[in-house]
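What follows is each chain in one-letter form.
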Amino acid sequence: MTGIEDAALSECRRHGAGYAAVRVHQTRSRYVHLRDLDLETATEHREIGVGVRVLVDGAWGFAATSRLDRAAVTDAARRACALAARCAHLPGPDVVLADEPTASGTHISEYEIDPFSVPMDQMVSLLRDGCRILAPGVDHTSATVETVLETTYLVDLAGSRIWQQRVRTHPVYTAIRITDGGFDDMSTTAPPSGRGWEYASSAWNWDEELAQMPGLLDEKLGAPSITAGRYDLVIDPTNLWLTIHESVGHATEKDRALGYEANYAGTSFATPDLLGTLRYGSELMNVRADRTTAHGLSTVGWDDEAVAAQQWDLVRDGVLVGYQLDRQMAGEGQRSNGCAYADSAEHVPIQRMPNVSLQPAADGPATEDLIAGVEDGIYIVGDKSWSIDMQRFNFQFTGQRFHRIRHGRLTGQVKDVAYQANTLAFWGALTALGGPQTYMLGGALNCGKGQPGQVAAVSHGCPSAVFGGVNVLNTREEARP
Amino acid sequence: MSASGTAQPALEVLGEGCVVVRTTHTQNLRWANSALTTNGDTTTSTMTAIAMDAANGAVSVVSGQVPDVAAATALAEQAKRAVTTADRVDAVQLVDGGVSPDFDAGPEPIDDPATQRMVTTVDVLLRQPEAQFGYAELDRTTVHLATTAGTRYRHAQDTVRLEASARTDDASTWWGANRLPDDVQAVAVQQGLRLNSQSTTNDLRPGRHPVILTPSAVADLLIYLAWSANARDAAEGHNVFSAPGGSTKLGQRLTSRSIRLFADPDHPGLQTGHRAVVEANSSMESVFDNGLPLSACDLISDGRLTNLRASRATGQRFGIAPAYLADNLILHDPAGYGDLDDLVARTDEAVLVNCLWYIREVDPQNLLLTGLTRDGVYRVRDGEIVGATGNFRFNVSVTDLLSRIRDASAPTACLPREWADWFTRTEMPALLIDDFNLSSPSEAM
């Protein structure tokens, strides 16, 4: 940058802003999709712009431009201040931010190979090689890789100056089998990761997973349909991360709990009056938030309000003890825990999710040992369909594979499974946790929130875990009138 | 630098291909607990350069911000370099989509009276006695499409979105529109009445019930159906529109009612662009179809599956007529009449659902969707709303429910709740549907 950010800050000061932050935000992304070994899509996108956020007379104002010249950026600063002044006349209390020290520095996420240094045809070749492992045993294949390099430069009136760069990559391979009785698909369980191109090529055991998939998919197609009822579930981290995301991650967002998302993403049952007393789950349940985990998708050096990355507890021994906060949600006299994020220059920072992870039992068992302890249950692997209500009570999840457990042993797959539960009842039914050897960092690139809509990437670590007596639906029966 | 001015030199670099310049001015206001929370005034402009080699089935797509001609030609050069190593895709020759008489005109910003009207509308909502939550957005996007086949197309599209929720400790409502209302106070009063009607509760057990879906709720389900109407998937045997033996269900009757589900760029009140503008290939659209004329296209007509979505290349490959949808979706049921209140008045027993939320696909074989009811679920008896009930998770096959429509209102313009981030221009009737699976209760409100 050549001083345009300081020019914008000066313009904000001149128009009476008590708080002003100027954020230059660049996102480079690639998306490659193959279908039956043929390329369907290969795009490269670079998005850059400047967002200016101000507080004038106790009201927010935000403006952005995709032009980086001094005139455009100072005009954005002026428009942000004008919008704030206009909105200050609308009903409502003044916005108050938690005080935070100024910060300066640089943060670069850990990665080995810059995905944008890799020629597109190499990416296509790698995906095709993966599909070739699948293709002989299935009817159709597809492969996708999405990779993002996100760079921000944040300055504010208080004097903070922060430059950050983060990378994330997610390859997915899918196989489809068609029989006279119907069709089904199966996708790889590798989560997105805060890594570079090394993740697509070597940081996951792709060949082994791809080689097993055709056989597993055949078994699934021929598997018996589940009998609806209550089962003990052993949930693999490749599935449980998403349940944590929806039923704990979003439920402990303070802005939701205060109603800020009531028109859109929803609210939360975990309201502030219950902090410190709400029995969220069994005493085995310890959930930690952090923005520091290596390769975490929500890992940063500082958030988009210049608050340093940190770690804290959300649920301790089964009790709600913490929230995710930005400076407004923390409020006067309190401290933010650094959860402000905007997904592009054109969007305003809002409270977004840190990495939220269920802690393993320190000397807990392997997944096989958890299965051995279940008399009549289902072992669920991989995520698929998900849905939860607007207050984070009622959820329904499916998965990639459902292995029937009888007398402590896996006895083959079943199909048409969905588990449906109330969040508090589900976590209250947590009866056993795997040890650190079962722990895995899952996550998503596409967590949505806010209006206008924003997406954020976030990781969730967890061990394998056992939940007793969970309601399991037969999805075929659900579809019948 | 004008969009048309940057497009021409970029095209010259490409030799064969397309340039899309998308310039957007957006203003928004958001509120919660009867106070403004965030806002925004954003201008963005993005160029997508699509280098093609149709003879060899090669394409490369690169996009980014281009403030001047030098940046535009640099972007085109990047795309051109990449096409030399690009992989094979299904390709056809570009069409000449003609020349818009206003192609050289620049993008159009939102004018100040429109902004003031939005602020005034929100001000009225914020002064209502019930706690108010919501979102208002004005968006004006100007698209310039230029292709080496001669297309010079310009289209300016206004998109309006207004959502208003009112809440008390134990009740909530939602109302949405794809245009600013003339009398927002009247809307607010109506929402207050809906809140009051929830003071009487009426328990309902989970199970299959007759359900009245509002136009907004119908839109959310049928948008998903339109997104799933993938011709290639159907022809290959792996979506709900596949038929046994490797064919599709094209021509098959989906419902005994003579419904028509369609998109039409000229539909009154929901007008959209008349040319295909495709910035990335997908299984239903191709960049090689940029400039293709759009007209009314039926997915379902007279109750039968009429079209599935396919590019020209996909259509050629699978022997299916290519079909592109304009950026709107309309459902007409010729047997429907009256408005939502009339439909309620002639219903003996049903559950009225105001909104659907968190809709996700459970099983593509039968297009089984799950989700939640939201912000108003009412018992209807003998033509009247007799009280409210709690929310439910539903599990329904969208294609199956078309066969269980018992009654319908006349269609009306509506804003979908779940999908409004991506799709706002819909016109739907309210529908009375038998055996709608309210699978389990939700404590949420």
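Treat the numbers as computed from the prediction; the structure is a model and nothing was measured.

All names here are of chain B. The residue alanine 166 is located in strand β5 (residues 152-168) in this model. Residue class for alanine 166 comes out buried when judged on its relative accessible area of 3%. Alanine 166 sits 29 residues away from leucine 195 along the chain, and the two C-alpha atoms are 7.6 Å apart. In this structure, alanine 166 is in contact with Glu130, Ala131, Gln132, Ala171, Ser172, Thr173 and Leu195, ignoring residues within four places of it in sequence.

With 78 residues of chain A in contact, the opposing surface of chain B contributes 89 residues. At the boundary of chain A with chain B, total buried surface from both sides reaches about 7,000 Å², with 47% on carbon and sulfur atoms. Counting across the interface, chain A meets chain B through 6 salt bridges. Between B:Glu236 and A:Arg35 there is a salt bridge, with the nearest N and O atoms lying 3.0 Å from each other.

With that out of the way, let us pick up the sheet that holds strand β10 (residues 260-263) of chain B. All names here are of chain B. Here 6 strands make up an open sheet; going across it, the order is β12-β11-β10-β13-β20-β19 and the pairing mixed. In the strand order of this sheet, the two ends are held by β12 (304-305) and β19 (412-414), each with one partner. Relative to strand β20 (residues 426-428), strand β13 (residues 329-332) runs parallel, the two sharing 2 bridges. Bridge pairing in β20 links leucine 329 to threonine 426. Each of β10, β11 (297-301), β13, β19 and β20 is contacted by helix α5 (residues 215-227), which is oriented at about 115° to β20, the strand it contacts most.

A few words on the packing of aromatic side chains. Enumeration according to the criterion identifies 19 aromatic pairs over all chains in this entry. Where A:Phe397 meets A:Tyr419, the ring centres are 5.7 Å apart and the plane angle is 35°; that geometry is what we call tilted. Separated by 22 residues along the polypeptide, A:Phe397 in strand β17 (residues 394-397) and A:Tyr419 in strand β20 (residues 417-422) bring together distant segments of the chain. Accessibility classification places A:Phe397 together with A:Tyr419 in one group, the buried group. Judged by centre distance (5.4 Å) and plane angle (85°), the ring pair of A:Phe426 and A:Trp427 falls under edge-to-face. In this structure A:Trp427 comes out as buried when scored by relative accessible area, which is 0%. Through a chain of ring-to-ring contacts, three or more aromatic side chains come together here, namely A:Phe395, A:Phe397, A:Tyr419, A:Phe426, A:Trp427 and A:Phe467. A cation sits over an aromatic face here: B:Arg346 above B:Tyr337, 3.6 Å from the ring centre.

Looking at chain B as a whole, the pLDDT averages 95, with 100% of positions reaching at least 70. Across the assembled chains, the prediction reports ipTM 0.96 with pTM 0.97.

A few words now on the nonpolar core. Residue and element names in this part refer to chain A. Ranked by size, the top nonpolar core spans 61 residues in total, and within it Leu240, Tyr280, Tyr419, Phe426 and Trp427 carry the most contacts. With 5 residues, the single largest contributor to this core is helix α6 (residues 237-249). The contacts of tryptophan 427, once residues within four sequence positions are left out, are Leu240, Ile244, Ser247, Val248, Tyr280, Gly281, Ser282, Met285, Leu358 and Phe467.

Residues and elements named next belong to chain A. In this structure the tally under the stated criterion is 57 salt bridges over all chains. With its nearest N and O atoms 2.7 Å apart, the salt bridge here joins aspartate 185 to lysine 384. Of the two residues, aspartate 185 is situated in strand β7 (residues 182-187) and lysine 384 in the loop between β15 (376-381) and β16 (386-388); the sequence distance between them amounts to 199 residues. Judged by relative accessible area, which is 18%, aspartate 185 ranks as buried.

Residues and elements named next belong to chain A. Orientation of helix α3 (residues 120-134) relative to helix α5 (residues 206-221), taken along the N-to-C sense of each, is 35°, at an axis distance of 8 Å. Crossing handedness for the pair α3 and α5: right-handed. Each of Gly130, Ile133 and Leu134 in α3 lies in contact with α5, whose residues at this interface are Asp207, Leu210, Ala211, Met213 and Pro214.

Thresholds, definitions, all that
- Residues numbered from 1 in each chain as written.
- Chains lettered and ligands numbered in written order.
- Predicted model: local features only at pLDDT ≥ 70, side-chain atom pairs only at ≥ 80, totals over all residues.
- Heavy atoms only, no water.
- Helix = DSSP H or I, 4+ residues; strand = E, 2+ residues; numbered from the N terminus.
- Buried < 20%, exposed > 50% of the residue type's maximum accessible area, 1.4 Å probe, protein only.
- Contact = heavy atoms within 4.5 Å.
- Buried area = accessible area lost by both parts, 1.4 Å probe.
- Salt bridge = Lys/Arg side-chain N within 4 Å of Asp/Glu carboxyl O.
- Pairing = 2+ DSSP bridges.
- Axes fitted to C-alpha atoms, helices over the stretch in contact; angles between N-to-C directions.
- Phe/Tyr/Trp six-rings, centres within 6.5 Å; stacked < 30°, edge-to-face > 60°.
- Lys NZ or Arg CZ within 6 Å of the ring centre and 35° of its normal.
- pLDDT = per-residue confidence, 0-100.
- Core = buried A, V, L, I, M, F, W, Y, C linked by side-chain atoms within 4.5 Å.
- Left-handed = near helix turned anticlockwise from the far one by under 90°.

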